[in-house]
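# Observations on the three-dimensional arrangement
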Amino acid sequence: MASSSPVKHAWRVLIGLLAVTGVLFGINALGVYVFDKSSWTPELALDLQGGTQIVLSAQTEDGSNPTQEQLDQARAIISQRVDASGVGEADITTEGGRNIVVQIPGKADEETRNRIEASAKLELRAVLAATSPATTFVGDDGKETPYPSPDPSLASTPSPSPTDGSDLAWATPKLQAEFLAYDCATAQRNPAGAPSNEPLIACDPEGQVKYLLGPVELDGTSITNATNGREQDSGKWTVNLSFDDTGTKAFGEVSKRLFAYKGQNLSPRDQFAFVLDGSVISAPSMNGIILDGKPSISGTFTQETSKTLADQLRYGALPLSFAVESSDTISATLGSQQLQIGLIAGLIGLGLVAIYSLFSYRALGFVIIASIAVMAVLTYVIVCILAWRMGFRLSLAGVAGLIVSIGFTADSFIVYFERIRDELRDGKSITGAVEDGWSRAKRTIYISKSINILAAVVLYILADATVKGFAFTLGLTTLIDVFIFVIFTHPVMQLLARTRFFGEGHKLSGLDPESLGAVYRTRTQFRQVAAVSTGKAARAGRSRGEAERRQTIAERKRAESVTDRSGSTGTGGDA
């Protein structure tokens, strides 16, 4: 009954593997048929698939070229935004002294475009006035008349001087006339050209409300973090901000002032506006004094729009504003031919591994082939899931990592099978050799695989973006290799060792003790060995078989002494 325990354990482990495989395929099926975001084929990177190219041109107040430092900073922020959107293997470079070229695999959706194109210049301004977006009024005669253009002679300097950002002295006669005539539908906003120390006229993104705002009292550079979430009471999506020490202090002063206006029913002066790229994305009233520097932006957000805004704010405002110079579809830089060549190379390597396995290990070679096949299935479905959940895309470097992993995978099985053979040569039964070989081989394999994973991690962190795909797939397949070794290869060997073909050591099984040159029939009984010639000519000749090559020094001395005494060729046991 004791011998059946490993069998039961092996079946439980294999059933667990089947369950894990089913779960993985189920997860990907949800992405394909329910969320419509996944596919049954891996997503390809820019070098193999092609994609979308967006050229952004920097805009400055005086029209001069930006500095290289500004471009590099903008490129780094856009790169962070693209990564946050889940798009992998994107290529973002500077060009021509004022352009940033963004190349994205596949077709860029609207959300991704918004992340890239928005400069995310966030300003916090107090609300002085808010009204409908109307640009006309109804006169005494009942006719609708447009508001006139502001008279240049109107006073444009505040008098008296404003004391804070909510002071109505900012609303000069000229500014009031401009506010009434301001058309939200045709306004041209230039975030980089809006002075921070002057009032601003702005509208909400839908053009339903028109605002007159005071100067900037806080900007996006003070934001240390931004996340999206739901309000507990209403369930609405919000963007939660965290300010640094300077921003926390400044926002605390603003909240005190606006909360005092709320107590005096001076709406809308109790409101503060979050202005993003010239649009008022939210203008909530101050419902309390916030001294911890953690306000929330509420509005008509969805999960996607709140996440997009949070990502834009978390990764900082661009040091420049950008105009979209062009947006085109580009072809693959390498194309499908290179992918086919890579796949052919992988198949050739797989075939050579299979041939070597069958030649060296006979029927055991089929265990290696089956293990690699199971590993290929799991790797394939995991790559599909990662494309959906993390935006991972398979580049040519990633394909190379998959090909290299075939050889690394075969190493695990070779170490294991050689340990089993060593145990057989030491006189153990096949079932005992499988268990003892496993306990000794797994330590070696774990150590070697941990080195591979460490190398992949270091390569992924330090290498250029073009090599990251290689490091990622190499590390992923190494982890899957260890998983397959534990949950498939060893349980299968436990079951095969108890079959007649493998358990009795058939010559084609790869576990035949006689052909392996076992030195013991049992742990205390020598097998029959051939005498070793002591002549000079015999010592110079070739070895006479596996058994003689496997003899220990003690066995050779024993055989020589027996030959000297009786001329026989061996004692102590049956052949």
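Residue positions are given per chain, counted from 1 along the sequence in the order it is written. Per-residue local features of the predicted model are confined to residues with pLDDT of at least 70, and side-chain atom pairs are confined, for both listing and counting, to 80 or more; whole-chain, interface and lining totals are unaffected and use all residues. Hydrogens and water are ignored here; the side-chain numbers use all heavy atoms of the structure.

If you check an unreviewed UniProt entry, the protein appears there as Protein translocase subunit SecD from Microbacterium resistens.

## Digging into the overall build of the protein
Applicable threshold: Think of it this way: any DSSP run of H or I at least four residues long counts as a helix, any run of E at least two long counts as a strand, and we number them from the N terminus. Any residue under 20% of the maximum accessible area for its type is buried, any over 50% is exposed, and the rest in between are partly exposed; the area is computed with a 1.4 Å probe on protein chains only. Residue contacts are defined here by distance: any two heavy atoms, one from each residue, within 4.5 Å place the two residues in contact. For accessible areas, the Shrake-Rupley method is used with a probe of radius 1.4 Å. Any residue's cover is judged against the shown protein chains and nothing else.
From N to C terminus, the protein includes 17 helices and 16 strands. Residue burial in the protein is summarised as follows: out of 575 residues, 42% are buried. Sequence separation of 24 or more characterises 73% of the internal contacts of the protein that already satisfy a separation of 6 or more. Of the roughly 29700 Å² of accessible surface on the protein, 56% is carried by carbon and sulfur atoms.

## A few points about the sheet that holds strand β9 (residues 223-230)
Under the convention used in this document: In this analysis, strands are considered paired if DSSP registers two or more bridges between them. Note on geometry: axes are C-alpha line fits, over the in-contact stretch for helices, and angles between N-to-C directions span 0 to 180 degrees.
What the 3 strands build is an open sheet, ordered β9-β10-β13; its pairing is antiparallel. With one partner strand each, in any of the chains shown, β9 and β13 (296-298) form the two edges of the open sheet. Ignoring strand direction, the axes of neighbouring strands in this sheet form an average angle of 25°. Pairing of β9 with strand β10 (residues 237-243), which is carried by 7 bridges, proceeds in the antiparallel orientation. Looking across to β10, one finds that Gly229 is bridged to Thr238.

## Regarding the side chain of Arg125
Let me state the cut-off plainly: Counted as a polar contact is a pair of N or O atoms within 3.5 Å, where, for protein atoms, one must be capable of donating a hydrogen and the other of accepting one, and residues adjacent in sequence contribute only when both atoms are in side chains.
Structurally, the position occupied by Arg125 is in strand β4 (residues 122-131). Side-chain polar atoms of Arg125 contact the side chain of Glu123, separated by 3.0 Å. In this view, Arg125 contacts Pro195, Ser196, Glu198, Pro199, Leu200, Leu213, Gly214, Pro215, Val216, Phe272, Ala273 and Val275; residues no more than four positions away in its chain are not counted.

## Some remarks on the pattern of salt bridges
Test applied: Counted as salt bridges are all cases of a side-chain nitrogen of Lys or Arg within 4 Å of a carboxyl oxygen of Asp or Glu.
The tally for this structure, following the rule as stated, stands at 14 salt bridges. Here Arg257 and Asp164 are joined by a salt bridge, their closest N and O atoms 3.9 Å apart. A residue pair is termed long-range when its members are at least 10 positions apart, and Arg257 in helix α6 (residues 245-263) and Asp164 in the loop between β6 (144-146) and α5 (173-181) qualify at 93 residues. For Asp164, a relative accessible area of 25% translates into the label partly exposed. Between Glu423 and Lys428 there is a salt bridge whose closest N-O contact spans 2.7 Å. On the accessibility criterion, Lys428 (23% relative accessible area) is partly exposed. Counted as one network, the salt bridges with shared partners bring together Arg419, Asp422, Glu423, Arg425, Lys428, Asp436 and Arg440.

## Description of unusual backbone geometry
Here the amide bond leading from Ser159 into Pro160 is cis, since omega sits at -5°, within 30 degrees of zero. Within the secondary structure, Pro160 sits in the loop between β6 and α5. The omega torsion across Ser267 and Pro268 is 10°, close enough to zero to call that bond cis. Looking at the secondary structure, you find Pro268 in the loop between α6 and β11 (272-276). In this structure, Asn265 takes a positive phi of about 55° despite not being glycine. Structurally, Asn265 is set in the loop between α6 and β11.

## Details of the confidence of the model for the protein
Note the threshold: As a per-residue measure, pLDDT tells how confident the predictor is, with possible values from 0 to 100.
Across the protein, pLDDT averages 80, with 82% of residues at or above 70. When the elements of the protein are averaged for pLDDT, helix α15 (residues 536-540) gives the smallest value, 41, and helix α1 (residues 4-34) the largest, 91. Low pLDDT, under 50, characterises residues 528-547; the predicted model gives this stretch 29 contacts beyond four residues in sequence or across chains.

## Re the packing of helix α10 (residues 396-425) against helix α11 (residues 430-462)
The criterion, for reference: Two helices crossing with the near one rotated counterclockwise from the far one by less than a right angle form a left-handed crossing, whereas a clockwise rotation gives a right-handed crossing. Each residue gets one label: Ala, Val, Leu, Ile, Met, Phe, Trp, Tyr, Cys and Pro are nonpolar, Asp, Glu, Lys and Arg are charged, and the others, such as Gly, are polar.
At their nearest, the axes of α10 and α11 sit 7 Å apart, and the two run at 145° to each other. As α10 packs across α11, the resulting crossing turns out to be right-handed. Contacts from Phe408, Thr409, Ser412, Val415, Tyr416, Arg419, Ile420, Glu423 and Leu424 of α10 reach α11 at Ile430, Ala433, Val434, Asp436, Gly437, Trp438, Arg440, Ala441, Thr444, Ile445, Lys449 and Asn452. Residue composition of the contact of α10 with α11, by class: 11 nonpolar, 5 polar and 5 charged.

## Describing the pairing of strand β3 (residues 99-105)
Side chains on a regular strand alternate between the two faces of the sheet. Within β3, 7 of the 7 residues are buried, which leaves the element mostly enclosed by the surrounding structure. Residues of β3 alternate between two faces, with Asn99, Val101, Gln103 and Pro105 on one and Ile100, Val102 and Ile104 on the opposite face, all of them buried. Pairing of strand β1 (residues 51-59) with β3, which is carried by 7 bridges, proceeds in the antiparallel orientation. Bridge pairing in β3 places Ser57 opposite Asn99.

## Quick notes on the packing of aromatic side chains
We count it as follows: Any pair of Phe, Tyr and Trp rings, taking the six-membered ring for Trp, is counted once the centres come within 6.5 Å. Such a pair is stacked with planes under 30 degrees apart, edge-to-face with planes over 60 apart, and tilted for the rest. Each ring is checked for a lysine NZ or an arginine CZ that lies within 6 Å of its centre and within 35 degrees of its normal; such an atom marks a charge sitting over the ring.
Evaluated as defined, the whole model comprises 14 aromatic pairs. Linked through ring pairs, Tyr361, Tyr416, Phe417, Trp438 and Phe485 together constitute an aromatic cluster. The positively charged end of Arg389 is found above the aromatic ring belonging to Trp388, 5.0 Å away from the centroid. Sitting over the ring of Tyr460, Lys468 keeps its end group 4.7 Å from the ring centre.

## Remarks on the environment of Gly214
Relative to the helices and strands, Gly214 resides in strand β8 (residues 210-219). On the accessibility criterion, Gly214 (0% relative accessible area) is buried. Put simply, Gly214 and Leu200 are 14 residues apart on the chain and 6.4 Å apart in space, counted from C-alpha to C-alpha. If we skip the residues at most four places from it in the chain, Gly214 touches Arg125, Ala126, Leu128, Gly165, Glu198, Pro199 and Leu200.

## Looking at α5
Inspection of α5 places Leu175, Ala177 and Phe179 among the buried residues, and these make up the whole buried set. Those residues of α5 that are buried are in contact with β4, β7 (200-203) and β8.

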